[in-house]
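Summary of the model geometry
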Amino acid sequence: MRGHLIVAVLLCTAQVLALAVGGSACAEDPATPVVQPSLSAPSLEPTLKPAAPALTPTAEPAGSLPLAAESTPAPVPADPVVAAIRLKLADPGLRKDANPDDLAALAAFYGMTTGSPLWMTEMGFTAKGQAALFEIEKADDWGLSAAAFELPQAGDLPASLEAQALAEIKLDLAILKYARFARGGRLNPSKISDLFDQVPPLRDPKTVMSEIAAADAPDAYLRSLHPKHEQFERLRQALLAARARVDAGGKPAANAVEIRRLIINMERWRWMPEDLGAVYVWNNSPEFMLYVVKDGKTIYSDKTLVGTIGYATPVFSADMKTIVFNPDWIAPETVVTENLLPPLRSENYSILKIHKLSVSYQGNPVNPTKVDWGRVNILNYTFSQKAGPDNVLGKVKFLFPNKHTVYMHDTLPVRRKYFQKPMRAIGHECVRMEKPDKFAEVLLAEDKGWPAGQVQDLLDHSTNSPVTINHEIPVHMTYFTAVVDEAGKVATFVDLYGLDNKLATALFGNATGFPLPPPEPKRPQGEEADASSLANRTATSNDIAGSLQGFAGD
């Protein structure tokens, strides 16, 4: 009897142990997880343990695949609304019109979110969500358009998880679009004109999402994305003042053009580098002026000559690298093909003699009368002019390497009269200044601490003498047709190349009030006549400013 009782007890004990082991294995089996809905992600985490080693097969049948649990990471558990957002972000209807980078940023952000949504609750938007929404509604005050943003209703009470998810996504997409417009502008500058060689420094949308999620005041964060440049803020204040005049009954047509011009120039500031430099050069083509700015204050200014509409000065930024005193001049491609080739093909070699141009091929001197210019590629030849009183670059040039082969330089005495004229677009793309010696003194004082006398000595006694700039001095070639002074007064300049017209059409759908400039005459009269008609001048006339149709600037 006792023996049977002992056996029965042992059997019962074995069954209890077997059930305990079997229950534990099911609870940890990754192939059959049981996840209960919860508003709190941490409570779900204990159910997402890795597979126990004891459950991994020691040998797999030939051709079988590894377990999915070993190659695919477990999804981050989500609040129900966040889960609905994840599903909604995959909706083709939503993705059709949205920016792909913005959608990718949202998918990454909500894919890692373990808490509640960023902006939504069952009772509608949080205070932070409403602050962001209301700030976007004021986009017009910043030279943007509030109508460009599809916003949810601030007071909506979503009736379902899907409605909450959609409202959250709408606000997110509006925020990312606002961030892109605020910093980089509404338009790609190169799509407006090839003259705009600029890449706006946009913030990555993933960065925007992480930053605004951490911000105590999302509205202040959105405002911080606009350019910090002083001119941008002055233009904005002028815009607000112009709109106030309209509200007070001002002349609608005149104010409309003024308002649009201010917005156009605010857009251009969004394309500028965020950091202009501690010391930088600002060339503004429509103003025909250059400035040297240090710590936000103008320390030097000078008049400039810029390119005509046919040889427009481009817009870009590059670092000043070298100043060359009394340089030789090498004719650029445009001058070679447009000004030199036609007379040379006609065996008219006087243009070379008049302007003291020597010809070489692969570094070796060439007799131009022995070359069949109708058959050879003229771009394989170099046309150069030695330093001296007739050199078109004058006594100094300033190099800031760029793909446009544009630089700044002195000019011939015959051209100095143009600095007294209001319209100073007369040459090719490069920029000439009225007082290049003073400009060199300012730059080398900032870069090397040189006294003016040391610079003057190079101007007077050197030939082809380069001086390297050791510190960063950016040169910003710009196209601003409106500039605001410290008192808030707006100065406007001629739309030299018709770029206001193009930008107005792109931004507002029409260019009313922004006429295109007249086309450049092909054969200007007088001093600006073309090369072929003036190549027969004698060496004593030597008006290079006229005989090569304005190439003297380049």
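Values in this document were obtained by computation on a predicted structure and should not be read as measured data. (Residues numbered from 1 in each chain as written. Predicted model: local features only at pLDDT ≥ 70, side-chain atom pairs only at ≥ 80, totals over all residues. Heavy atoms only, no water.)

So, the overall build of the protein chain
Our working definition: Each helix is a run of H or I in the DSSP string that is no shorter than four residues. Each strand is a run of E no shorter than two, and both are numbered from the N terminus. Exposed residues in this analysis have more than 50% of their type's maximum accessible area, buried residues have under 20%, and partly exposed residues fall in between, with area computed by a 1.4 Å probe over protein chains only.
Summing up its helical and strand segments, the protein chain has 19 helices and 19 strands in all. The 554 residues of the protein chain split such that 45% are buried.

Some details on helix α3 (residues 80–89)
How we decide: The arc in question is traced by the directions running from the helix axis to the C-beta atoms. In this analysis, two residues are considered to be in contact whenever any of their non-hydrogen atoms come within 4.5 Å of each other.
Among the residues of α3, Val81, Val82, Ala84, Ile85, Lys88 and Leu89 are the ones counted as buried. The buried side chains of α3 occupy one side of the element, clustering within an arc of 155° when seen end-on. On its buried side, α3 packs onto α4 (92–95), α5 (100–111) and α7 (161–184).

Looking at unusual backbone geometry
One non-glycine residue, Phe288, adopts positive backbone phi at about 55°. By secondary structure assignment, the location of Phe288 is in the loop between β3 (279–284) and β4 (289–294). Of note, the phi angle at Lys356 is positive, near 55°, even though the residue is not glycine. Within the fold, Lys356 resides in the loop between α14 (350–354) and β9 (357–361).

As for the packing of helix α15 (residues 436–448) against helix α16 (residues 452–461)
Note the following rule: Convention adopted: a line fitted to C-alpha atoms gives each axis, helices being fitted over their contacting stretch, and angles between N-to-C directions are expressed from 0 to 180 degrees. Our angle categories are set so that under 35 degrees counts as roughly parallel, over 145 as roughly antiparallel, 65 to 115 as roughly perpendicular, and the remainder as oblique. By the definition used in this description, the sense in which the near helix is turned from the far one sets the handedness, with an anticlockwise turn below a right angle giving left-handed and a clockwise turn giving right-handed. The nonpolar class holds Ala, Val, Leu, Ile, Met, Phe, Trp, Tyr, Cys and Pro. Asp, Glu, Lys and Arg form the charged class, and all remaining residues, Gly among them, are polar.
Axis separation between α15 and α16 bottoms out at 9 Å; the angle between their running directions is 130°. The pairing of α15 with α16 is recorded here as oblique in orientation. α16 is crossed by α15, and the crossing has right-handed handedness. Contacts between α15 and α16 pair Asp437, Ala440, Glu441 and Leu444 from the former with Ala452, Val455, Gln456 and Leu459 from the latter. Partitioning the contact of α15 with α16 into residue classes produces 5 nonpolar, 1 polar and 2 charged.

A look at the pattern of salt bridges
Convention followed: Salt bridges are defined as contacts in which a side-chain nitrogen from Lys or Arg sits within 4 Å of a carboxyl oxygen from Asp or Glu.
Enumeration over the complete set of coordinates arrives at 21 salt bridges. Across the pair Glu162 and Lys88 runs a salt bridge whose closest N-O atoms are separated by 3.1 Å. Here the residue Glu162 occupies a position in helix α7, and Lys88 occupies one in helix α3, the gap between them amounting to 74 residues. Judged by its relative accessible area of 15%, Lys88 falls in the buried class.

Considering the sheet that holds strand β8 (residues 329–330)
Here is the rule we go by: Criterion used throughout: strands pair if DSSP finds at least two bridges between them.
Strand order in the open sheet formed by 4 strands is β8-β11-β9-β10, with antiparallel pairing between adjacent strands. Only two strands of the sheet have a single neighbouring strand rather than two, namely β8 and β10 (364–365). As defined by bridge partners, β9 adjoins strand β11 (residues 381–385) across 5 bridges and the pair is classed as antiparallel. Paired with Val359 across the strands is Phe383, a residue of β11.

Concerning the side chain of Gln385
Put simply, the rule is: We define a polar contact as two N or O atoms separated by no more than 3.5 Å, with the added condition that, inside protein, one atom must be a possible hydrogen donor and the other a possible acceptor, whereas residues neighbouring each other in sequence contribute only through side-chain atom pairs.
Among the structural elements, Gln385 can be located in strand β11. For Gln385, a relative accessible area of 2% puts it in the buried group. Looking at Gln385, its side chain comes within polar contact range of the main-chain oxygen of His355, at 2.7 Å. A distance of 2.9 Å separates the side chain of Gln385 from the backbone nitrogen of Val392, its partner in a polar contact.

Things to note about the packing of aromatic side chains
The line we're drawing: Two rings from Phe, Tyr or Trp (for Trp, the six-membered ring) form a pair when their centres are within 6.5 Å of each other. A pair whose planes differ by under 30 degrees is stacked, one over 60 is edge-to-face, and the rest are tilted.
Counting across every chain of the model gives 15 aromatic pairs. Taken together, a centroid distance of 5.2 Å and an interplanar angle of 70° make the contact between Phe196 and Trp271 edge-to-face. Taken together, the residues span a long stretch of sequence, with Phe196 in the loop between α8 (189–192) and α9 (205–214) and Trp271 in the loop between α12 (252–270) and β3 at a distance of 75 residues. Each member of the pair, Phe196 as well as Trp271, is classed as buried. Measuring from ring centre to ring centre gives 5.0 Å for Tyr361 and Tyr381, while their planes differ by 45°; the resulting arrangement is tilted. Pair noted here: Tyr361 is in strand β9 and Tyr381 is in strand β11, with a separation of 20 residues, a long-range link.

Focus on the packing of α3 against α7
How two helices pack is summed up by the angle between their axes together with the distance between the axes. At a minimum axis separation of 8 Å, α3 and α7 run at an interaxial angle of 65°. With respect to α7, the element α3 is oriented roughly perpendicular. When the axes of α3 and α7 are compared, the crossing they make is right-handed. Counted together, Pro80, Val81, Ala84, Ile85, Lys88 and Leu89 of α3 and Leu161, Glu162, Gln164, Ala165, Leu166, Glu168 and Ile169 of α7 form the full contact between these two elements. Class assignment of the residues belonging to the contact of α3 with α7 gives a composition of 9 nonpolar, 1 polar and 3 charged.

Side note on the side chain of Arg236
The topology assignment puts Arg236 in helix α11 (residues 230–247). With relative accessibility at 13%, the residue Arg236 sits in the buried group. In this structure, Arg236 is in contact with Asp141, Trp142 and Met266, ignoring residues within four places of it in sequence.

Some remarks on the nonpolar core
In a soluble, globular protein the nonpolar side chains are often hidden away together inside. Rules: In this description, a nonpolar core means a group of buried Ala, Val, Leu, Ile, Met, Phe, Trp, Tyr and Cys residues linked to one another through side-chain atoms lying within 4.5 Å.
Phe325, Leu340, Phe383, Phe398, Met408 and Phe439 are the most contacted members of the largest nonpolar core, which totals 136 residues. No other element matches α7, which puts 12 residues into this core.

Points about the pairing of strand β7 (residues 322–325)
Taking every second residue as pointing to the same face, both faces of β7 are buried, with Thr322 and Val324 on one and Ile323 and Phe325 on the other. Strand direction decides the pairing type here: β7 and strand β12 (residues 396–399), joined by 4 bridges, are antiparallel. Residue pairing in the sheet places Phe325 in a bridge with Val396 of β12. Here 4 bridges tie β7 to strand β16 (residues 465–468), and the two strands are oriented antiparallel to one another.

Digging into α7
Quick reminder of the rule: An expected span of 1.5 Å times one less than the residue number is assigned to each helix.
For α7, with 24 residues, the first-to-last C-alpha span of 34 Å sits near the 34 Å given by 1.5 Å per residue. For α7, the buried fraction is high: 17 of the 24 residues fall into the buried class. Immediately downstream of α7, the backbone of Gly185 shows phi near 85°, a positive value.

Side note on the environment of His409
Within the element layout of this structure, His409 appears in strand β13 (residues 408–409). Linking His409 and Lys435, residues 26 residues apart in sequence, is a C-alpha distance of 9.7 Å.

Some words on the confidence of the model for the protein chain
What counts here: Known as pLDDT, the predictor's confidence for each residue is given on a scale from 0 to 100.
With 80% of its residues at a pLDDT of 70 or more, the protein chain has an overall mean of 83. The model gives residues 1–70 a pLDDT under 50, and that stretch makes 25 contacts with residues more than four places away or in other chains. The low-confidence segment residues 549–554, where pLDDT is below 50, has 37 contacts with residues more than four positions distant or belonging to other chains.

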